[in-house]
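Notes for the structure review
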Amino acid sequence: MAEGLARALDEMARRDVDVLVLGREANARFVSEATRLWLAGARPFAPGCVVVRETGAVHLLSVTDFGVPPDIPPERLYPMSWNPAAMMGEVAAIPGVANASRIAVDGLTPLFEQLIAATLPHAELADGEVVMRAARAVKSATEIAHIRAAIAVAQEAMGAAVEALRPGVRERDLKGVFEERMCALGTTTPAFEGAFCVVDVDAPIRRLVSDRAATDGDLVAMSAGVLFEGWEASLGRTWPCGRPTADHQRRSRWDDQWAQVADRCRAGAPVGDVRAGAPGVAVHGVGQGYEGLADDMVLAPDMVVLLELEAAGILGADMMLIGETGPQVLTTYPYPSAA
Amino acid sequence: MSGDLDLARMRRERHGKVANALEAQGFAAAVLLGQQNIAYALGARAPAADAARAAHRRMVAIVTADGAPAQLYTSFPDGVPAELGAEHVHPALPVEWPEGARQLLDVLPAGPVALDEYTMPLHAALDGREIADATPILSTCKIVKTSDELECIRRAQFINERAMLDIDGRVVPGVRGTELSGVFLRRIFELGATANTVDPIWQVMPSRIDDGPYSVTGDVVFPTPTTRRPFDAGDVIWVDTGIDYEGYASDFGCTFVVGGPEARHHDQAARWREVVDRCLDVLKPGASAGDLVRAASSDGSRRPWLPHLYLAHGIGTNSAEMPLVGTDLGADFDDALVLAPGMVLVFEPVVWDDGHSGFRAEEIVAVTDDGYERLSARDGGPRG
């Protein structure tokens, strides 16, 4: 049985969930290890994957077994339909669903809420994202190895963008360079479309690239990531274009704040304490894509987080593996040396 | 890309449509969590991202029936349209968590509310409140495009087609789909794409359906994700790509034959052309989706499209939206769907000769007052 599925089934048992109906692709991939077509952005909830605790079986919305591991046989695949009621019928026909008393879903639309109530009137609805979050948060050695492989790709793609940075290059060109290298390294799916944005003094750093060209002396904030075999690696750096200037001295203030915040990423620390470490801090879990962390969640050994700090006109972000004694920085791509 | 485009006018007209639709159906407001719906109703943008990140960093918008400017909750100030005043722009609402869901409850207008999707904490917070589905309301607004929307689709498609010119000549034995994706993605960003919307597809098609991969429907399997497997001479490659320009999707499909097409590939393309041309012959306001289905199928062979997809689909802020033509929603649905000026159709029939693979391409047209106009180039047959 896939490692992720075993952990999801454990969480289902712990939370008395009979059936898990997943619409979020990363959740489906975690339990199935299937690769389906990547689409940018979130889609409204639809039942893309079903896990039945009684049978331990994963059922998948797919017209083919391409990208589907052999432990999910063809009879556990169900086709898509443009008729939501027909899709709900496919789900209800899965062995173990009709008699489930508690069904967890990781999202919902008003339409699917009605359809579930009509098709499975005796089932109580629960929050499936809570189940999946618990199953996914702490990483196994295998998962950390996957993440390290993704980091190698992300760092090399970031390196290509840094190399391409020179006066006259447009922000959108840098995004293109990053994605081209990412693809050359074997993955065509970004974790997100990167920010490669010229920094304006005392203005928030933009996250949407524009036609603007970098000029000599500009700082350019770069934040980007990849999904390699479904596993995310992301990082952020702010790099000078051309000659370093006095303005780049601002970096030293960023360094001081970063050191303080990074030190808070320890096992036992509430996530809210990390976020309170400085203005401009963001922290979230990283695994098969972005994993949400609430303020009251506590960091534990073998969680992987992306820590980001925007301060003093500098954006920097690194992936950290939480350990018993302190964080291990997984992303080793260099920072520019201070001017 | 020289057509007239006024983005502020486009946003104003779309917002007006949504407010009017809410008013007409007796709703006080729509609460929107779907990013394409927010792109439509407000024109606000967030960076394109994988689904999980997009969900956690999502924008939320409240559009009221009185036509007042919408309220937008976002982490991305540089994606906020210029005309939306500071009093209407707020920090993101973390609706993945109970606290954020409660914050949304605090700003929810009184009266009947439509909502497009829930997070589960939001579902819990709204327990006991009567909530209608906003999706049909938005779908009704979106189906007929304004001239600015058509221009956005035209520009998205133009960028997509131009980028594909860089692929011509590279589809040779030994090349990998992943490499082609790299060239394509770099080029679309250089050319001004706002985002990429789908992992570019370069699917090596089998000669026969039974050669695999396994098909749940028994029909041709398409699309499947791109792999690192190098192409061989003679491989038939079905391409499908889509980008975003100012919130509007393109959709480009074509067929390559590695090493160059032969007579049978041209013959398949000619039959594909006949299917599309038969549809275009009947395409005008007042024609139904059923008329298109009958025109496409009139040579008596199998229905020339993939049964789990469609003969044609609309396109706009969603890459596939109404009007949907030839889906499993059935003949009655198709016959009831009457085409009107401003509707957009992406035709994507398939010609398949089991044993000799097949041909697939896509063409986009908009319905006009007396027929149609093209938003894409005319497909030129098999490439390679």
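Residues numbered from 1 in each chain as written. Chains lettered and ligands numbered in written order. Predicted model: local features only at pLDDT ≥ 70, side-chain atom pairs only at ≥ 80, totals over all residues.

Counting its regular elements, chain A contains nine helices and 14 strands. Taking 20 Å as the expected radius of gyration for a compact globule of 339 residues, we find that chain A reaches 22 Å, a close match to that expectation. Counting the 339 residues in chain A, one finds 53% classified as buried. (Helix = DSSP H or I, 4+ residues; strand = E, 2+ residues; numbered from the N terminus. Rg over C-alpha atoms; globule rule 2.2 N^0.38 Å. Buried ≥ 20, exposed ≤ 12 C-beta atoms within 10 Å, placed from the backbone.)

With that settled, consider the pairing of strand β9 (residues 231-240) of chain A. All names here are of chain A. Burial within β9 is extensive, with ten of its ten residues counted as buried. Residues of β9 alternate between two faces, with Trp231, Ala233, Leu235, Arg237 and Trp239 on one and Glu232, Ser234, Gly236, Thr238 and Pro240 on the opposite face, all of them buried. Linking strand β8 (residues 219-228) back to β9 in an antiparallel pair, the connection comprises two residues, with Glu229 at a positive phi of about 55 degrees. (Pairing = 2+ DSSP bridges.)

With 62 residues of chain B at the interface, the matching set in chain A holds 59 residues. Breaking the side of chain B that touches chain A down by element, the ones donating at least two residues are α3 (51-56), α5 (120-125), β6 (131-133), α8 (177-190) and β7 (195-196) of chain B. Its residues placed into classes, the side of chain B that touches chain A shows 29 nonpolar, 18 polar and 15 charged. (Contact = placed C-beta atoms within 7 Å. Nonpolar A, V, L, I, M, F, W, Y, C, P; charged D, E, K, R; others polar.)

What follows deals with the sheet that holds strand β2 (residues 49-52) of chain A. Residue and element names in this part refer to chain A. With mixed pairing, the six strands of this open sheet are ordered in space as β4-β3-β2-β1-β5-β6. Two strands bound the open sheet, and with one partner strand each, they are β4 (77-78) and β6 (124-127). Direction of pairing for strand β5 (residues 102-105) relative to β6: parallel, over a ladder of four bridges. Across the sheet, Arg102 pairs through a bridge with Glu124, a residue of β6. Most of the contacts of helix α2 (residues 25-32) go to β2, to which it runs at about 45 degrees, and overall it touches β1 (19-22), β2 and β3 (57-61). (Axes fitted to C-alpha atoms, helices over the stretch in contact; angles between N-to-C directions.)

With the exception of glycine, the majority of residues adopt a negative phi angle, and the majority of peptide bonds are in the trans configuration. With an omega of -5 degrees, the peptide bond running from Phe222 of chain B to Pro223 of chain B counts as cis. Here Pro223 of chain B lies in the loop between β8 (201-205) and β9 (236-241). A cis amide bond, omega 0 degrees, links Met322 of chain B with the succeeding residue Pro323 of chain B. If you check the backbone angles, Asp302 of chain A has positive phi at about 75 degrees while not being a glycine. Along the chain, Asp302 of chain A turns up in the loop between β11 (289-291) and β12 (304-311).

Our focus in this paragraph is the nonpolar core. Ala8 of chain A together with Ala30, Ala61 and Val63 of chain B are the most contacted members of the largest nonpolar core, which has 233 residues in total. Non-local contacts of Ala61 of chain B, meaning those with residues more than four positions away in its chain, are made with Leu32, Ile38, Ala41, Leu42, Ala44, Ala70, Gln71 and Leu72 of chain B. (Core = buried A, V, L, I, M, F, W, Y, C linked by C-beta atoms within 7 Å.)

Our focus in this paragraph is the pairing of strand β1 (residues 29-32) of chain B. Residue and element names in this part refer to chain B. A two-sided burial pattern is seen for β1, the buried positions comprising Ala29 and Val31 on one face and Ala30 and Leu32 on the other. Both β1 and strand β2 (residues 60-64) contribute to a ladder of four bridges, which runs antiparallel. Within β2, the residue paired with Leu32 across the bridge is Ala61. As judged from the three bridges shared by β1 and strand β5 (residues 113-115), these two strands associate in the parallel manner.

With that out of the way, let us pick up the confidence of the model for chain B. Of the residues in chain B, 99% reach a pLDDT of 70 or more, and the chain-wide mean stands at 97. Two summary scores accompany this predicted model of the complex, namely pTM at 0.97 and ipTM at 0.96. (pLDDT = per-residue confidence, 0-100.)

All names here are of chain A. Assigned domains within chain A: domain 1 (3-136) and domain 2 (141-329). Relative to domain 2, the C-alpha centre of domain 1 lies at a distance of 32 Å. No other element matches α2, which puts three residues into the side of domain 1 that touches domain 2. Looking at side-chain class alone, the side of domain 1 that touches domain 2 contains three nonpolar, one polar and four charged residues. (Domains from an automatic or database assignment.)

What follows covers α8 of chain B. In an α-helix, one turn spans 3.6 residues, which is why side chains three or four residues apart end up on the same side. Residue and element names in this part refer to chain B. Given a rise of 1.5 Å per residue, 14 residues ought to cover 20 Å, and the 20 Å separating the end C-alpha atoms of α8 matches this to within 8%. Counting buried residues in α8 gives 13 out of 14 residues, a clear majority hidden from the surface. Phi turns positive one or two residues past the end of α8, at Gly192, with a value near 110 degrees. (Expected span 1.5 Å × (residues − 1).)

Residue and element names in this part refer to chain B. Ordered by their spatial adjacency, three strands build an open sheet running β8-β9-β12, and the pairing between neighbours is antiparallel. In this open sheet, the two edge strands, each paired with only one partner strand, are β8 and β12 (252-257). Ignoring strand direction, the axes of neighbouring strands in this sheet form an average angle of 20 degrees. Across six bridges, β9 lies against β12 in antiparallel orientation. When the bridges of β12 are listed, Thr241 appears paired with Phe252.

This next bit is on the packing of helix α1 (residues 3-14) of chain A against helix α5 (residues 128-136) of chain A. Residues and elements named next belong to chain A. For the pair α1 and α5, the least separation of the axes is 9 Å and the interaxial angle reads 130 degrees. Taken together, α1 and α5 sit at an angle that is classed as oblique. Of the two elements, α1 crosses α5, and the hand of that crossing is right-handed. Along the contact surface, α1 presents Gly4, Arg7, Ala8, Glu11 and Met12, while α5 presents Val131, Met132, Ala134 and Ala135. Looking at side-chain class alone, the contact of α1 with α5 contains six nonpolar, one polar and two charged residues. (Parallel < 35°, antiparallel > 145°, perpendicular 65-115°, else oblique. Left-handed = near helix turned anticlockwise from the far one by under 90°.)

Now for the packing of helix α1 (residues 7-24) of chain B against helix α6 (residues 135-142) of chain B. Residue and element names in this part refer to chain B. Taken N-terminus to C-terminus, the directions of α1 and α6 make an angle of 130 degrees; their axes are 10 Å apart at the nearest point. Judged by the angle between their axes, α1 and α6 are oblique. As α1 packs across α6, the resulting crossing turns out to be right-handed. Facing α1, whose interface residues are Lys17, Val18, Ala21 and Leu22, α6 presents Ile137, Thr140 and Cys141.

Residues and elements named next belong to chain B. On domain assignment, one finds that chain B holds domain 1 (7-142) and domain 2 (147-374). Relative to domain 2, the C-alpha centre of domain 1 lies at a distance of 31 Å. At the level of secondary structure, the elements contributing two or more residues to the side of domain 1 that touches domain 2 comprise α1, α2 (35-41) and α6. The residue makeup of the side of domain 1 that touches domain 2, split by class, is five nonpolar, three polar and three charged.

Of note, Met322 of chain B is situated in strand β14 (residues 321-325). Along the chain, Met322 of chain B and Thr140 of chain B lie 182 residues apart, while their C-alpha atoms are 8.4 Å from each other.

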